[in-house]
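Each chain is listed here by its residues.
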Amino acid sequence: MSKVRVVSTHALREMGVVGDEVAKLIKDKVGLKVEIIDQIEEAELFYQAVLSDFEIQSDYVIADVGGGSVQILIGNKNSLKEAFLLKTGTSTLWDKFTPKHKEMDFPNRGEIKKMKNYILRELQPVPKGLKAPIIYGSSCIIDLFKGIRLPMQKHESSKSHPFKAEVSDIEKFLGEVWSIPYDIREEKYISPTYRYMWGVDKAFLNIVELAKKVEAPYIIPSNANINQGLLKSIANF
């Protein structure tokens, strides 16, 4: 017998009663129950998806940067030690600090500073100086790094995570891209297989500030997402 899990994360979660009504409508129309999972379960699913084939048992800082929320997880293949749930996702930062902008505008220096200060406040509970690599997802970050031609080196601890990148190169890209309008970015950072991702500047701001706080030696890009964690949860059901 086949097993199916249908889940929603930030979008329906933040809608409250309206989110419940949307889930009910989906159930009525297509017969599938939608689980509106909390941020903790979302984080745990991503954790399981990312570390499944890592060979080294050392600790990592795992950052799942979404549109609404950011999950920061600390642990190794054997155990999840700490989880920090932030509301610093790319759309959240955009809506909070650039409410009058159009979609293709770009933030000014004052708005970028406010975003950075907000992220730093949200990062306060995260331990300093862990010196652990950051695994940064989700869904398409290896493809994104290739698409924007970010320098990467080989990483051999995981077959599904074969690259690593320097924090300084991510910060350099971020410094260059802030002043480029989004429509120009689409033309400048494009490859035959990948188009520029709209929220990458806000996502990279999260990663750079996190890397500085934990003193990460490098960043491991990830194409993993919670769907892989869901498949594992179904298999173990």
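Bear in mind the structure is a predicted one, so any value in this text is a computation, not a measurement. Every chain's residues receive numbers from 1 upward, in the order its sequence appears when written. Given that this is a predicted model, residues contribute local features only at a pLDDT of at least 70 and side-chain atom pairs are listed and counted only at 80 or more, while totals for whole chains, interfaces and linings are drawn from all residues. The side-chain values count all of the structure's non-hydrogen atoms but skip hydrogen atoms and water molecules.

### Observations concerning the environment of glutamate 42
Only runs of H or I of at least four residues qualify as helices and only runs of E of at least two qualify as strands under DSSP, and these elements are numbered from the N terminus. As for its placement among the helices and strands, glutamate 42 is situated in helix α3 (residues 39–51). In this view, glutamate 42 contacts Thr9, Arg13, Ile37, Asp64, Ser69, Gln71 and Ile226; residues no more than four positions away in its chain are not counted. Throughout, a contact is declared for two residues whenever any of their heavy atoms are within 4.5 Å.

### Structural notes on the side chain of threonine 98
Mapped onto the fold, threonine 98 is located in the loop between α4 (90–97) and α5 (109–122). Look at threonine 98 and you get buried, because its relative accessible area is 2%. Polar contact is defined as a pair of N or O atoms within 3.5 Å, subject to the rule that within protein one atom must be able to donate a hydrogen and the other to accept it, and that residues adjacent in sequence are counted only when both atoms are side-chain atoms. Of note is the side chain of threonine 98, whose polar atom sits 2.6 Å from the backbone oxygen of tryptophan 94. Excluding residues that lie within four positions of it along the chain, threonine 98 makes contacts with Leu93, Pro107, Glu111 and Met115. When accessible area is computed with a 1.4 Å probe and restricted to protein chains, residues below 20% of their type maximum are described as buried, those above 50% as exposed, and intermediate ones as partly exposed.

### Topic: the sheet that holds strand β9 (residues 219–221)
At least two DSSP bridges between two strands are needed for those strands to be called paired. Read across the sheet, five strands follow the order β5-β4-β3-β6-β9 without closing on themselves; strand pairing throughout is mixed. Here the strands that pair on one side only, and so sit at the sheet edges, are β5 (80–86) and β9. Across the sheet, the axes of successive neighbouring strands diverge by a mean angle of 20 degrees, strand direction being ignored. Examined bridge by bridge, strand β6 (residues 134–137) and β9 share three bridges and lie parallel to one another. As a rule, the C-alpha atoms of each element are fitted with a line to give its axis, helices using only the stretch in contact, and angles between N-to-C directions run from 0 to 180 degrees.

### Description of the pairing of strand β4 (residues 70–75)
Across the six residues of β4, six count as buried, placing the element largely inside the fold. Side-chain alternation along β4 places Val70, Ile72 and Ile74 on one buried face and Gln71, Leu73 and Gly75 on a second face that is also buried. Here strand β3 (residues 60–65) folds back onto β4 in antiparallel fashion, the turn holding four residues. As paired strands, β4 and β5 are joined by six bridges and run antiparallel to one another. The partner of isoleucine 72 across the bridge, within β5, is phenylalanine 84. Following β4, the chain reverses through four residues before pairing antiparallel with β5.

### Examining helix α7 (residues 167–177)
Taken together, the buried positions of α7 are Val167, Ile170, Phe173, Leu174 and Val177. Down the axis of α7, the smallest arc covering the buried residues is 125 degrees, so these residues share one side. Turned more than 90 degrees away from the buried face of α7 sit Lys172 and Gly175, all of them exposed. Considering only its buried residues, α7 is in contact with α6 (141–147), α8 (182–188), α9 (200–214) and β9. Directions drawn from the helix axis to the C-beta atoms are what define this arc.

Worth remembering: the numbers are spatial, not functional.
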